[in-house]
Amino acid sequence: MKDVIDIIKTRRSVRDYKEDPVSDDDIKFLIDCARYSPSGMNMQPWSFLVIQNKEMIHKLSENGKKAMIPLAEQMVNDPNKAPGFISFLKMGTNLFYNASSLVIILGNKKSVTADWDCAMAAQNMMLAAHSRGIGSCWIGLVMPALMDEKILKELGAPPGYKAVAPLIFGYPRSETTMPKRTEPEVKWLR
Ligand SMILES: Cc1cc2nc3c(=O)[nH]c(=O)nc-3n(C[C@H](O)[C@H](O)[C@H](O)COP(=O)(O)O)c2cc1C
């Protein structure tokens, strides 16, 4: 078993996947690891949608791009970045990089800490996946589509839950180099 620090430092967001599906047992293992995350008042306010149907994933990617384009046009003011980002959304790119599994972590709207709890559960899943040679990536770009109650309901989300963390999982086709890490500002008060 690899050392936890090594797993933390070598996990990467993977955007190039093999066709091979992640097994049901491995997905269950990842969800089990998510259960061990801390949560506000131990509410465990999460629920999981596991989507492995290629057509559903493709449709959600198309809906995701459609919902994101107007926001991107408003948000991206940098003339150098804007055309690249918007053409990325308009191209045939799949927001989910053809990964075999999409797991959407849903948060119970009754819990005030659901967003943070689900983000912690997401990190547990991504680290556990990496420990088993499974790649992952959080796909925030699909969030505008997932905020649409109709889309969420169509996907089978239980009532009273919102999408928090859309995560893809699959077997990496290639190595991913680490994007630059910057030194954070740290103030010590003592
Ligand atoms: C909240 C959140 C949203 C993200 N959304 C996307 C996304 O939509 N598409 C994507 O390719 N990567 C996305 N990422 C991955 C980041 O780009 C990635 O974590 C960052 O570049 C650092 O790379 P690393 O994860 O390999 O260390 C997202 C990550 C987070 C935490």
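Residues numbered from 1 in each chain as written. Predicted model: local features only at pLDDT ≥ 70, side-chain atom pairs only at ≥ 80, totals over all residues.

Trainee: Quick question: what am I supposed to make of the site of the ligand here?
Mentor: Around the ligand, the surrounding shell consists of Arg12, Ser13, Arg15, Cys137, Trp138, Ile139, Gly140, Leu141 and Pro179. Tallied by class, the residues present in the shell around the ligand amount to five nonpolar, two polar and two charged. (Near = placed C-beta within 6 Å. Nonpolar A, V, L, I, M, F, W, Y, C, P; charged D, E, K, R; others polar.)

Trainee: Would you mind showing me how to read the packing of helix α2 (residues 24-35) against helix α5 (residues 114-131) here?
Mentor: Packing of α2 against α5 brings their axes to within 8 Å, and their N-to-C directions diverge by 135°. By the angle between their axes, α2 is oblique relative to α5. Considering how the two elements wind past one another, α2 and α5 form a crossing that is right-handed. Across from Phe29, Leu30, Cys33 and Ala34 in α2, the residues of α5 making contact are Ala121, Asn124, Met125, Ala128 and Ala129. For the contact of α2 with α5, the per-class residue count stands at eight nonpolar, one polar and no charged. (Axes fitted to C-alpha atoms, helices over the stretch in contact; angles between N-to-C directions. Helix = DSSP H or I, 4+ residues; strand = E, 2+ residues; numbered from the N terminus. Parallel < 35°, antiparallel > 145°, perpendicular 65-115°, else oblique. Left-handed = near helix turned anticlockwise from the far one by under 90°. Contact = placed C-beta atoms within 7 Å.)

Trainee: Looking at this structure, how should I read the sheet that holds strand β1 (residues 46-51)?
Mentor: Strands in a sheet are paired, the pairing made by backbone hydrogen bonds, and the direction either parallel or antiparallel. Pairing is antiparallel in the open sheet, where four strands are placed in the order β1-β2-β4-β3. Pairing within the sheet leaves two strands with one partner each, and these edge strands are β1 and β3 (135-138). Ignoring which end each strand starts from, the neighbouring axes of this sheet average 25° apart. Pairing of β3 with strand β4 (residues 161-170), which is carried by four bridges, proceeds in the antiparallel orientation. By the bridge assignment for β4, Gly135 is matched with Gly170. With respect to the sheet, α5 is in contact with β1, β2 (101-108), β3 and β4, its orientation differing from that of β4 by roughly 10°. (Pairing = 2+ DSSP bridges.)

Trainee: Teacher, can you tell me more about the nonpolar core here?
Mentor: Core analysis: the largest hydrophobic core is formed by 43 residues, its most contacted members being Ile105, Met125 and Leu167. Of all the elements in the fold, those that place two or more residues in this core are α2, α3 (54-75), β2, α5, α6 (143-146) and β4. Sort the elements by how many residues they give to this core and α5 lands first, with nine residues. (Core = buried A, V, L, I, M, F, W, Y, C linked by C-beta atoms within 7 Å. Buried ≥ 20, exposed ≤ 12 C-beta atoms within 10 Å, placed from the backbone.)

Trainee: How should I be thinking about the pairing of β2 in this particular structure?
Mentor: Regular strands place side chains that alternate from one sheet face to the opposite one. Here β2 lies mainly inside the structure; seven of its eight residues are buried. As paired strands, β1 and β2 are joined by six bridges and run antiparallel to one another. If you follow Val50 over to β2, its bridge partner there is Val103. Pairing analysis gives eight bridges linking β2 to β4, with the strands arranged antiparallel. Counted as the bridge partner of Leu106 is Ala163 from β4.

Trainee: What is the right way to read the environment of Lys59 from this model?
Mentor: Within the secondary structure, Lys59 sits in helix α3. Take Lys59: there are 15 C-beta atoms within 10 Å of it, and that puts it in the partly exposed class. Along the primary structure Lys59 and Lys28 are separated by 31 residues, whereas in three dimensions their C-alpha atoms are 24 Å apart.

Trainee: Just checking my understanding: could you explain α2 for this structure?
Mentor: In an α-helix, one full turn covers 3.6 residues, which means residues spaced three or four apart are oriented alike. For α2, spanning 12 residues, the distance from its first C-alpha to its last is 17 Å, which sits close to the expected 16 Å at 1.5 Å a residue. Taken together, the buried positions of α2 are Ile27, Leu30 and Ala34. In an axial view of α2, the angular spread of the buried residues amounts to 60°, which keeps them on one side of the axis. Across α2 from its buried face, at more than 90 degrees, point the exposed residues Asp25, Lys28, Asp32 and Arg35. On its buried side, α2 packs onto β1, β2 and α5. (Expected span 1.5 Å × (residues − 1). Arc of directions from axis to C-beta.)

The values are spatial; any link to function lies outside them.
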